[in-house]
Amino acid sequence: EVQLQASGGGLVQAGGSLRLSCAVSGLTFGNSAIAWFRQAPGKEREGIARIVSDNDDTVYSDSVKGRFTIASDNAKNAVYLQMNSLQFDDTAVYYCGLAERNLAGPMIRAVDYDYWGQGTQVTVSS
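Since we're looking at a predicted model, the values are computed, not measured. (Residues numbered from 1 in each chain as written. Predicted model: local features only at pLDDT ≥ 70, side-chain atom pairs only at ≥ 80, totals over all residues. Heavy atoms only, no water.)

## A word on the packing of aromatic side chains
- The full count for this structure, using the stated rule, is three aromatic pairs.
- Taking 5.3 Å as the distance between ring centres and 80 degrees as the angle between the ring planes, the aromatic pair formed by Phe-37 and Tyr-113 counts as edge-to-face. Remark: Tyr-113 occurs in the loop between strand S9 (92–99) and strand S10 (115–116) and Phe-37 occurs in strand S4 (residues 33–39); sequence separation between them is 76 residues.
- By relative accessible area, Phe-37 is classed as buried at 0%.
- Owing to a relative accessible area of 6%, Tyr-113 belongs among the buried residues under this scheme.
- By the ring-pair criterion, three or more aromatic residues cluster together here, those being Phe-37, Tyr-113 and Trp-116. (Phe/Tyr/Trp six-rings, centres within 6.5 Å; stacked < 30°, edge-to-face > 60°. Helix = DSSP H or I, 4+ residues; strand = E, 2+ residues; numbered from the N terminus. Buried < 20%, exposed > 50% of the residue type's maximum accessible area, 1.4 Å probe, protein only.)

## Some thoughts on the pattern of salt bridges
- Taken as a whole and assessed by the stated rule, the structure comprises six salt bridges.
- A salt bridge links Arg-38 to Asp-90; its shortest N-O distance comes to 2.8 Å. Taken as a pair, Arg-38 in strand S4 and Asp-90 in the loop between strand S8 (78–83) and S9 lie far apart in primary sequence, 52 residues in all.
- Here Arg-38 falls in the buried class, since its relative accessible area comes to 7%.
- Taking the relative accessible area as the measure of exposure, Asp-90 reaches 1% and is therefore buried. (Salt bridge = Lys/Arg side-chain N within 4 Å of Asp/Glu carboxyl O.)

## A short note on the state of the cysteines
- Under the defined criterion, the tally for this structure stands at one disulfide.
- The disulfide that involves Cys-22 links it to Cys-96, with 2.2 Å between the sulfurs. Its torsion about the S-S bond being 75 degrees, the disulfide of Cys-22 and Cys-96 is classed as right-handed. Residue Cys-22 is located in strand S3 (residues 18–25), and its partner Cys-96 is located in strand S9; the two are separated by 74 residues in the primary sequence.
- Overall, Cys-22 belongs to the buried group, its relative accessible area being 0%. (Disulfide = S-S within 2.5 Å.)

## Quick look at the environment of Ala-14
- Mapped onto the elements, Ala-14 comes out in the loop between strand S2 (10–13) and S3.
- Counting along the chain gives 63 residues from Ala-14 to Asn-77, while the straight-line C-alpha distance between them is 30 Å.
- In this structure, Ala-14 is in contact with Leu-86, Val-124 and Ser-125, ignoring residues within four places of it in sequence. (Contact = heavy atoms within 4.5 Å.)

## Here we look at unusual backbone geometry
- Although it is not a glycine, Asn-77 sits at a positive phi angle of roughly 55 degrees.
- Tracing the backbone shows Asn-77 in the loop between strand S7 (68–73) and S8.
- Of note, Ser-85 is a non-glycine position whose phi angle comes to about 50 degrees, a positive value.
- Relative to the assigned elements, Ser-85 resides in the loop between S8 and S9.
- Residue Ser-85 is classed as partly exposed on the basis of its relative accessible area, which comes to 41%.

## Some thoughts on the sheet that holds S3
- Reading across the sheet, the four strands line up as S1-S3-S8-S7 and stay open at both edges, with antiparallel pairing between neighbours. Two strands close off the open sheet at either side, each with one partner strand: strand S1 (3–7) and S7. With direction set aside, neighbouring strand axes in the sheet form an average angle of 15 degrees.
- Here six bridges tie S3 to S8, and the two strands are oriented antiparallel to one another. Residue pairing across strands places Leu-20 opposite Leu-81, the latter belonging to S8. (Pairing = 2+ DSSP bridges. Axes fitted to C-alpha atoms, helices over the stretch in contact; angles between N-to-C directions.)

Coordinates in, geometry out; function isn't part of it.
Set out below in structure tokens:
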């Protein structure tokens, strides 16, 4: 059974930082891609960061580029999202997803991902 567990969300003031974690179990953490998505009420699920586990290739959306950093720790079977300079518009439920293959290209699309975590709420106060 493949499971993803997202954690680390919470309430933070604008300008602050949070670090989200995605722990993966039931699957060898290699030759895969893991991405972070977020969804606010009334909006689509937005892919914001992706990493390919075997070569650490990363892709970011324009909305978070320069503020967020995705990183993997294959020994721990985990992926992290360091979020700095948080803004009110970053408020959303954040999900991690895993694609059981290496992905290429600039897009982060929900349809490409095979497994999902439960989501963790990030709320940024203005």
